[in-house]
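Each chain is listed here by its residues.
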Amino acid sequence: ETGVTQSPTHLIKTRGQQVTLRCSSQSGHNTVSWYQQALGQGPQFIFQYYREEENGRGNFPPRFSGLQFPNYSSELNVNALELDDSALYLCASRPGTGGPEAFFGQGTRLTVV
Amino acid sequence: AQSVTQLDSQVPVFEEAPVELRCNYSSSVSVYLFWYVQYPNQGLQLLLKYLSGSTLVKGINGFEAEFNKSQTSFHLRKPSVHISDTAEYFCAVSGGGKLIFGQGTELSVKP
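For clarity, every value in this text was computed on a predicted model and none was experimentally measured.

Turning our attention to the pairing of strand E9 (residues 73-78) of chain B. All names here are of chain B. Burial analysis of E9 places 5 of its 6 residues in the buried class, the great majority of the element. Two strands pair when backbone bridges link them, and strand E3 (residues 19-21) and E9 are joined in this way by 3 bridges, in the antiparallel orientation. Pairing of valine 19 across the sheet is with lysine 78, part of E9. In terms of strand pairing, strand E8 (residues 64-68) meets E9 through 5 bridges, oriented antiparallel. Within E9, the residue paired with phenylalanine 67 across the bridge is phenylalanine 74. Hairpin remark: E8 followed by E9, antiparallel, with 4 residues in the connecting loop; positive phi at threonine 72, about 45 degrees.

The next thing to look at is the layout of surface pockets. In this approach, a probe sized like a water molecule rolls over the atoms, and the result shows the empty space that is left. Empty space within the largest pocket amounts to approximately 330 Å³. The wall of the largest pocket is formed by 17 residues, among which Gln37(A), Leu39(A), Gly40(A), Gln38(B) and Glu88(B) lie closest to the centre. Of the residues forming the lining of the largest pocket, the biggest block, 3 residues, is contributed by strand E10 (residues 87-95) of chain B. Tallied by class, residues from the lining of the largest pocket come to 7 nonpolar, 8 polar and 2 charged.

Chain B puts 18 residues into the contact, and the matching count from chain A is 17 residues. Where chain B abuts chain A, roughly 1,500 Å² becomes buried across the two surfaces, and 51% of that area is made up of carbon and sulfur atoms. Here chain B and chain A share 1 salt bridge between them. In this assembly, chain B and chain A are joined by 6 residue pairs in polar contact (both at pLDDT 80 or more). Mapped onto the side of chain B that touches chain A, the elements with two or more residues apiece are strand E5 (32-38), strand E6 (45-50), E10 and strand E11 (98-101) of chain B.

What follows deals with the nonpolar core. Counting 28 residues, the largest nonpolar core has Leu33(B), Trp35(B), Leu47(B), Leu48(B), Phe74(B), Leu76(B) and Tyr89(B) as its most contacted members. The greatest single-element share of this core, amounting to 4 residues, is contributed by E10(B). Membership of the second largest hydrophobic core comes to 19 residues, among which are Trp34(A), Tyr49(A), Ala87(A) and Tyr89(A).

Per-residue confidence for chain B gives a mean pLDDT of 94, with 100% of residues at or over 70. Here E11(B) stands out as the element of chain B with the lowest mean pLDDT, 92, in contrast to E3(B), whose mean of 98 is the highest.

Counted according to the given criterion, the structure contains 10 salt bridges over all chains. Across the salt bridge formed by Arg77(B) and Glu20(B), the nearest N and O atoms sit 2.8 Å from each other. With a gap of 57 residues between them, Arg77(B) in strand E9 and Glu20(B) in strand E3 connect regions that are remote in the sequence. On the accessibility criterion, Arg77(B) (28% relative accessible area) is partly exposed. Glu20(B) gets classed as partly exposed once you look at its relative accessible area, which sits at 33%. Here Lys78(B) and Asp85(B) are joined by a salt bridge, their closest N and O atoms 2.8 Å apart. The exposure class of Asp85(B) is buried, given its relative accessible area of 3%. One continuous salt-bridge network, built from bridges that share partners, spans Arg63(A), Glu82(A) and Asp85(A).

What follows deals with the environment of Asn68(B). All names here are of chain B. Note on placement: asparagine 68 falls in strand E8. With relative accessibility at 24%, the residue asparagine 68 sits in the partly exposed group. Taking the C-alpha atoms as reference points, asparagine 68 and valine 109, separated by 41 residues in sequence, lie 27 Å from one another. With residues up to four places along the chain from it excluded, the contact list for asparagine 68 reads Tyr25 and Ser73. There is a polar contact of 2.8 Å between the side chain of asparagine 68 and the side chain of serine 70. Within polar-contact distance, the side chain of asparagine 68 engages the backbone nitrogen of glutamine 71 at 3.0 Å.

Procedures and definitions
Residues numbered from 1 in each chain as written. Chains lettered and ligands numbered in written order. Predicted model: local features only at pLDDT ≥ 70, side-chain atom pairs only at ≥ 80, totals over all residues. Heavy atoms only, no water. Buried < 20%, exposed > 50% of the residue type's maximum accessible area, 1.4 Å probe, protein only. Helix = DSSP H or I, 4+ residues; strand = E, 2+ residues; numbered from the N terminus. Pairing = 2+ DSSP bridges. 1 Å grid on protein atoms, 1.4 Å probe; cavity = no way out; pocket = protein on both sides within 12 Å on 5 of 7 lines; lining within 4 Å. Points joined across faces, edges and corners; volume = space filled by probe spheres on them. Nonpolar A, V, L, I, M, F, W, Y, C, P; charged D, E, K, R; others polar. Contact = heavy atoms within 4.5 Å. Buried area = accessible area lost by both parts, 1.4 Å probe. Salt bridge = Lys/Arg side-chain N within 4 Å of Asp/Glu carboxyl O. Polar contact = N/O pair within 3.5 Å; in protein donor to acceptor, adjacent residues only side chain to side chain. Core = buried A, V, L, I, M, F, W, Y, C linked by side-chain atoms within 4.5 Å. pLDDT = per-residue confidence, 0-100.

The structure is reproduced here in structure tokens:
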């Protein structure tokens, strides 16, 4: 059984640029969530996708957007990057009709300079 | 609204000593509770979960936690820690399909 995988592992971008982060969900999981973890903080919920539709969003501006594909993989896009967007971005998947526990990937460390 | 408070930001402990990491939550509905561990430069790994049933939950690596509804707590315990337990620990509550995390507790195990 393949776990949650994220790419890339590290990324450096310049303020104002755009970035796309990718996530492959665990086999059989059709729900994908994204979290932002700033240094020294707990993860904060960005949004969730279920069967290619966004079905929950946290307190993040519209420049944070996402997609889910028919194979349940997902992308997180961030436009007009700001210095405060520097963080570890975590993807989590879970079976849509299964238990509420989420399984996390290793994360993408984004640094905005 | 649901929230999680981890009462200790750092817990230093000597190897083979017992440890307790404290977590309080607030929720107006039935809760699902979790503890995750994060090793340096890693993602989150599920340690244990409370969904229903027995209030004493056993997880991986010898950890256990007790759900106390009257005190709205879900403290994590281990009777004897190892150097390899050094990591950041997060308590979380599930609400509306998302996880709400505490700020984390850094467990530092010293020889």
